[in-house]
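# Structural features, examined
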Amino acid sequence: MSRLGSLLRANLKSNFGVSVLVHRFFREKKDRWYLPLVALGVLGLLPALYGYLRFIRFVFELLQPLGQERTLLTFAILLGQFLVLIFGLYYVVSAFYFSRDLEMLIPLPFKPFEVMLSKFAVILVNEYLTMIAFVVPVFVYYGILSKAGPAYWISASIVYLLLPVIPLALVSLLVVGMMRAVNFSRKKDLMILVGSLVLVCAGMGLQFFINRTAAAKVDYQAMTGFFTSPNSLLTKIGAGFPPAVWATKALAGAFGGEGLAGLGIYLGVSLLLFAGMLLAAQTLFYRGLIGIGEISGRRKALSRSEMSRRIEGGRHPVKAVLGREWRIMNRTPIFLLNGVLTVIVIPLVFLLMARVGTGNATSFLRAIAAGTGLTGILGAAAFMIVSGCLNGTASSTFSREGSQFWMSKVLPIAPRDQVIAKFIHSYGIAVLGFAAGTAVLVLGLGLKAGPLIVAWILALVAGVALTAVGMIIDLARPFLDWTNPQKAIKQNLNVLFAFFADFGVLAIVGALAYVLAKAGVGGRGLLAFLFATLALASFVSVRYLLAFAERRYREIEI
Amino acid sequence: MIEIRHVSKSYNKGKVKAVDDLDLTVRPGEIFGFLGPNGAGKTTTIKMIVGLLKPDAGAIVLNGLDTRTDALACKAMTTYVPDYPAVYERLTGLEYLNFIGDVYGVPKAARLERIEKWLEIFELTSAVGSPIQSYSHGMKQKIVLTAALLPAPRVMVLDEPMVGLDPRSAHHLKEIMREHCDQGGTLFFSTHVMEVAEKLCDRIGIISKGKLIACGTMDELKALDRGAGPTLENIFLELTDK
Ligand SMILES: Nc1ncnc2c1ncn2[C@@H]1O[C@H](COP(=O)(O)OP(=O)(O)OP(=O)(O)O)[C@@H](O)[C@H]1O
Ligand SMILES: [Mg+2]
């Protein structure tokens, strides 16, 4: 195999860790319980897939009489490329510039474009996985519905494989050029932060877009308009971004003249952009990369008095660990984004959707606002819990330490104290989320003080249990050997498991309450029951967490 | 005092035996140099002393306290510098030192005095206000050394501490190590530099394939004479030759 080939292989392997998984499952026979869990997750997605397929069929049948059914393909292609664009920006910046193995790769005898190509391949695979759920159902179902011949399936495969190339190459060119033109390196943290915020906004935009589309479902006229009218959003974007039109032609035109022309031009432009990107990489990539680890701000010596002022004394270890957690979390952009920023952004997104959109979120919030007594309280509490607890702070608290975990093992701090500090930190962020949620409920929907206070009590108690559960899950198998902080939180399965567990806890408590309500228990009785069960769950989980910590801190070897 | 009593440790469920029935004692006031070829088990031994790894068998006793039963008390009197220190990159040097001071309970006056002294010696004073992320490799090493000295520990464990230090810093470190032991402290360190071990250590242990193959003062090692030659290097090469 060529040098480039082995570089590509090594990079793909180390990123998707198939060999590690295979080793774990089949050699060490560890982590086998993943398989049923993953299967369960897939099963859980089936209803969503079914809904999506019905939607596709509906649109297809709506458009077919007009001879416009191919617009469905344009829609899927645009959606796919839009996703690629959004996620791509993020993947590209972190893979090209902020992955630590670059330090290792650069001195090796590879050309800049080869190094970049190996990174590009990893991103490409990531993008295929991202798009699969949105694009493949449309391509496949369209093929079935239109009884397409083999030519369609061949072009569909080609188009799908090429789908991420154009947007990714564009993003890469943009990023590589930007990194070269502006010396972002000194402000790399700022750049990640700004980039991520742009991402969040774009994500919100997509939400609106989908919400609108979903809402239009009932309205045949609007739906047909959306897909066919020359003034509709879809047509406009399509016109501004012709690759989607070419790809549509390639797909729908089969191997006829128009189809081949579309395919040809689509392929050509993809390859051209790709080549352009490699060329840019060859000349610009390393130059933008130099000095990436540099820290802004000049170094200056601390004066004696300054030093004496800054040297503290006699903080309790819990306080010291808490200070460390808080600082590291907020100074690492990717952690900040998933902690403090998330708990503020989630409620805001809901509020915006309530104002603009017509989706589920709105009806949910309206129900809280309109709900009198019990529904209002429970809705508000649920909203606050979602705002504060659905983030990876608790469930990545040990993983985030990564290779620095050796200090937690070596330093004379009782595991109990370390865990208490981490708990306070995670819980603090949850409470911040409750506050943000409350602000939305009060300012946006004018919820009254009475129900709010009761909701706060419920949220505070539930928060204890959910934080402890998240921490227990992370402590059971912390992910410590990451090289890129993004992996500690974004690619950490513990965060995902904690979501499921949190929903599980809430679902069980909710189901019990429902049974009681059916059995004729009144509002106060129900609230008392909820409070009691959540308090019990909190007590048990915190007790277990502390005991578990004593054991796990001894067991984890590093 | 460090007592390592018949300690064994293997990785991968017993497939790799890294340390095999190791038994040795480092007395108070003693600098103990731990030598051995790559992969001999030095780092593994050190990680067990400081509690990063759990021995499969045997016990480790620090100043009379068993690391299994009095883990916290053992940690409170020990500091450790790993071979590749991964430190809190996002904290400034001073924040890191303050954190260490807090967890070891160093009072403010002592903290200020010691921090100023070590920073001066290691020429870190001007960098201590910046994030550790911006330090060079040697500077990171030195900030971790400073942190290890800050609590004035009774036991210090260093894994290849000279690697990456410039000659002046390495020289200072050797003096500091001597000073630590003259005040009754115990010091255990691994190294590949024969000259350092020969000049600095009170006693030397040589480990190969997980087994201690020689242990004693420089004179005692020389007395093993198998016609190798007078220097530690000769002895090392002779003993570890297969
Ligand atoms: N995490 C690990 N997993 C599996 N085997 C390991 C691990 N760490 C060390 N080993 C093995 O244990 C043995 C001893 O390794 P150790 O790191 O203690 O050697 P060392 O004497 O410190 O070597 P060096 O001089 O290179 O630092 C080696 O055979 C090594 O391959
Ligand atoms: Mg070693």
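Residues numbered from 1 in each chain as written. Chains lettered and ligands numbered in written order. Predicted model: local features only at pLDDT ≥ 70, side-chain atom pairs only at ≥ 80, totals over all residues. Heavy atoms only, no water.

## Describing the overall build of chain B
To be explicit about the condition: Helix and strand assignments come from DSSP, with helices taken as H or I runs of at least 4 residues and strands as E runs of at least 2, each series counted from the N terminus. The size measure is the radius of gyration over C-alpha atoms, and the globule rule it meets is 2.2 Å times the number of residues to the 0.38 power. Relative accessibility decides the category of a residue: with a 1.4 Å probe and only protein chains considered, values under 20% of the type maximum give buried, values over 50% give exposed, and everything between is partly exposed. Residue contacts are defined here by distance: any two heavy atoms, one from each residue, within 4.5 Å place the two residues in contact.
For chain B, the count of helices and strands is 9 helices and 10 strands. For chain B, the C-alpha radius of gyration of 18 Å lies close to 18 Å, the compact-globule estimate for 242 residues. With the C-alpha coordinates of chain B rotated into their principal frame, the extents come out at 55 × 40 × 35 Å. A total of 242 residues make up chain B; the buried ones form 58% of that total. Considering only contacts within chain B whose residues lie at least 6 apart along the sequence, 66% involve residues at least 24 apart.

## What to know about the packing of aromatic side chains
All names here are of chain A. As a reminder, the rule being used: Planes of paired rings set the category: under 30 degrees apart is stacked, over 60 is edge-to-face and the rest tilted, where pairs are Phe, Tyr or Trp rings (Trp by its six-membered ring) whose centres lie within 6.5 Å.
Under the criterion given, the structure shown has 16 aromatic pairs over all chains. Relative to Tyr142, the ring of Phe60 has its centre 5.5 Å away and its plane inclined at 85°; by these criteria the two rings are edge-to-face. With Phe60 in helix H3 (residues 34-63) and Tyr142 in helix H6 (residues 112-145), this pair connects stretches of sequence that are 82 residues apart. Considered together, Phe60 and Tyr142 belong to a single accessibility category, that of buried residues. Considering the side-chain rings of Phe434 and Trp456, the 5.9 Å spacing of their centres and the 85° angle between planes classify their relative orientation as edge-to-face.

## Section: the sheet that holds strand S9 (residues 203-208) of chain B
Residue and element names in this part refer to chain B. Filter applied, for reference: For two strands to count as paired, DSSP must find a minimum of two bridges between them. Axis lines are fitted through C-alpha atoms, for helices just across the contact stretch, and the angle between N-to-C directions can take any value from 0 to 180 degrees.
Strand order in the open sheet formed by 6 strands is S6-S7-S8-S3-S9-S10, with mixed pairing between adjacent strands. The open sheet is flanked by strand S6 (78-81) and strand S10 (211-216), the only strands paired with a single partner. For this sheet, the mean inter-axis angle between neighbouring strands, taken without regard to orientation, is 15°. Sheet topology note: the S9/S10 ladder contains 5 bridges and is antiparallel. By the bridge assignment, Ile204 is partnered in S10 with Gly216. Seen against the sheet, helix H5 (residues 137-149) touches S6 and strand S7 (155-159) and runs at an angle of roughly 175° to S6. Packed onto the sheet, helix H6 (residues 167-182) meets strand S3 (31-35), S7 and strand S8 (186-190) and runs at close to 145° relative to S8.

## Regarding the interface of chain A and chain B
Stated formally: Throughout, buried area stands for the accessible area (probe radius 1.4 Å) lost by two parts on being put together, summed over both. Between Lys or Arg on one side and Asp or Glu on the other, a salt bridge is scored when a side-chain nitrogen of the former is within 4 Å of a carboxyl oxygen of the latter. In protein, a polar contact means a hydrogen-donor-capable atom and an acceptor-capable atom, both N or O and within 3.5 Å, with residues adjacent in sequence counting only if both atoms are side-chain atoms; elsewhere, any N or O pair within 3.5 Å suffices. The nonpolar class holds Ala, Val, Leu, Ile, Met, Phe, Trp, Tyr, Cys and Pro. Asp, Glu, Lys and Arg form the charged class, and all remaining residues, Gly among them, are polar.
Taken together, the 39 residues of chain A in the interface contact 47 residues of chain B. Across the chain A/chain B interface, buried area totals approximately 4,100 Å², and carbon plus sulfur atoms make up 60% of it. The interface formed by chain A and chain B contains 4 salt bridges. Glu95 of chain B serves as the salt-bridge partner of Arg331 of chain A, at 2.8 Å between the closest nitrogen and oxygen. Our count for the chain A to chain B interface comes out at 13 residue pairs in polar contact (both at pLDDT 80 or more). Within the residue set of the side of chain A that touches chain B, elements represented by two or more residues are helix H9 (188-215), helix H14 (304-310), helix H15 (317-331) and helix H19 (405-410) of chain A. Tallying contributions element by element places H15 of chain A first for the side of chain A that touches chain B, with 6 residues. Here the side of chain A that touches chain B is composed, by residue class, of 18 nonpolar, 6 polar and 15 charged.

## Digging into the site of ligand 1
All names here are of chain B. Keep this limit in mind: Nearness is defined per residue: one heavy atom within 4 Å of the molecule or strand is enough.
Around ligand 1, 13 residues are found, and the nearest of them are Gly39, Lys42, Thr43, Thr44 and His192. Between ligand 1 and Ala40 there is a distance of 3.2 Å, counted from an oxygen atom to a backbone nitrogen or oxygen. Contacts to ligand 1 include Glu160, whose side-chain N or O atom sits 3.4 Å from an oxygen atom. Mapped by element, the contributors of at least two residues to the shell around ligand 1 are strand S2 (16-26) and helix H1 (42-50). Here the shell around ligand 1 is built from residues that sort into 5 nonpolar, 6 polar and 2 charged.

## Notes on the confidence of the model for chain A
The predicted structure's coordinates, where accompanied by low pLDDT, should not be read in detail. Rules: Scored from 0 to 100, pLDDT reflects the predictor's confidence in each residue.
Residues at a pLDDT of 70 or more form 74% of chain A, whose mean pLDDT is 78. The secondary structure element of chain A with the lowest average pLDDT is H9 of chain A, at 58, and the one with the highest is H19 of chain A, at 95.

## Brief notes about the environment of Phe34 of chain B
Residue placement: Phe34 of chain B occurs in strand S3. Apart from residues lying up to four places away in sequence, Phe34 of chain B is in contact with Leu22, Leu24, Gly41, Lys42, Thr45, Phe188, Phe189, Ser190, Thr191, Gly205, Ile207 and Leu212 of chain B.

## A look at the nonpolar core
Soluble globular proteins tend to pack their nonpolar side chains together in the buried interior. Defined as follows: Among buried residues, the Ala, Val, Leu, Ile, Met, Phe, Trp, Tyr and Cys ones that are joined through side-chain atoms within 4.5 Å form a nonpolar core.
Residues Tyr96, Ile143 and Phe188 of chain B are the most contacted members of the largest nonpolar core, which totals 97 residues. What Phe188 of chain B contacts, discounting residues up to four positions off in sequence, is Ile2, Ile4, Leu24, Val26, Phe32, Phe34, Thr45, Ile46, Ile49, Met156, Val157 and Leu158 of chain B.

## Overview of H1 of chain B
All names here are of chain B. Counting buried positions along H1 yields 7 of 9 residues, so the element is predominantly enclosed. Taken as a whole, H1 has its buried residues at Lys42, Thr44, Thr45, Ile46, Met48, Ile49 and Val50. Trailing H1 by a residue or two, Gly51 shows a phi angle of about 95°, which is positive.

## Quick notes on the packing of helix H20 (residues 415-445) of chain A against helix H24 (residues 523-555) of chain A
Residue and element names in this part refer to chain A. In plain terms, the rule: Just so you know how the angles are binned, under 35 degrees is roughly parallel, over 145 roughly antiparallel, 65 to 115 roughly perpendicular, and the rest oblique. Rotating anticlockwise by less than a right angle from the far helix to the near helix defines a left-handed crossing, while the corresponding clockwise rotation defines a right-handed one.
Remark: H20 packs on H24, axes separated minimally by 8 Å, with the N-to-C direction vectors making an angle of 130°. The angle between H20 and H24 places the two elements in the oblique class. Crossing of H20 over H24 shows right-handed handedness. Residue-level inspection shows Pro415, Arg416, Gln418, Val419, Ile420, Lys422 and Phe423 of H20 in contact with H24, the latter providing Val542, Leu545, Leu546, Ala549, Glu550 and Tyr553. Its residues assigned to classes, the contact of H20 with H24 comprises 9 nonpolar, 1 polar and 3 charged.

## With respect to unusual backbone geometry
Residues and elements named next belong to chain B. Within the chain, Glu160 stands out as a residue other than glycine whose phi angle is a positive 45°. Position of Glu160 among the secondary structure elements: in the loop between S7 and H6. Glu160 sits in the buried class, given a relative accessible area of 19%. Here Lys209, not a glycine, exhibits a phi torsion of approximately 50°, which is positive.

## Some details on a nonpolar patch on the surface
Just so we agree on the cut-off: For patch building, the residue pool is restricted to those with more than 30% relative accessible area and no salt bridge; the joining distance is 9 Å between like charges and 5 Å between nonpolar side chains (Val, Leu, Ile, Met, Phe, Trp, Tyr). For accessible areas, the Shrake-Rupley method is used with a probe of radius 1.4 Å. Any residue's cover is judged against the shown protein chains and nothing else.
Together, Val140, Ile144 and Trp153 of chain A give the surface a local cluster of nonpolar side chains, amounting to about 260 Å² of exposed area. Among the secondary structure elements, Ile144 of chain A is positioned in helix H6.

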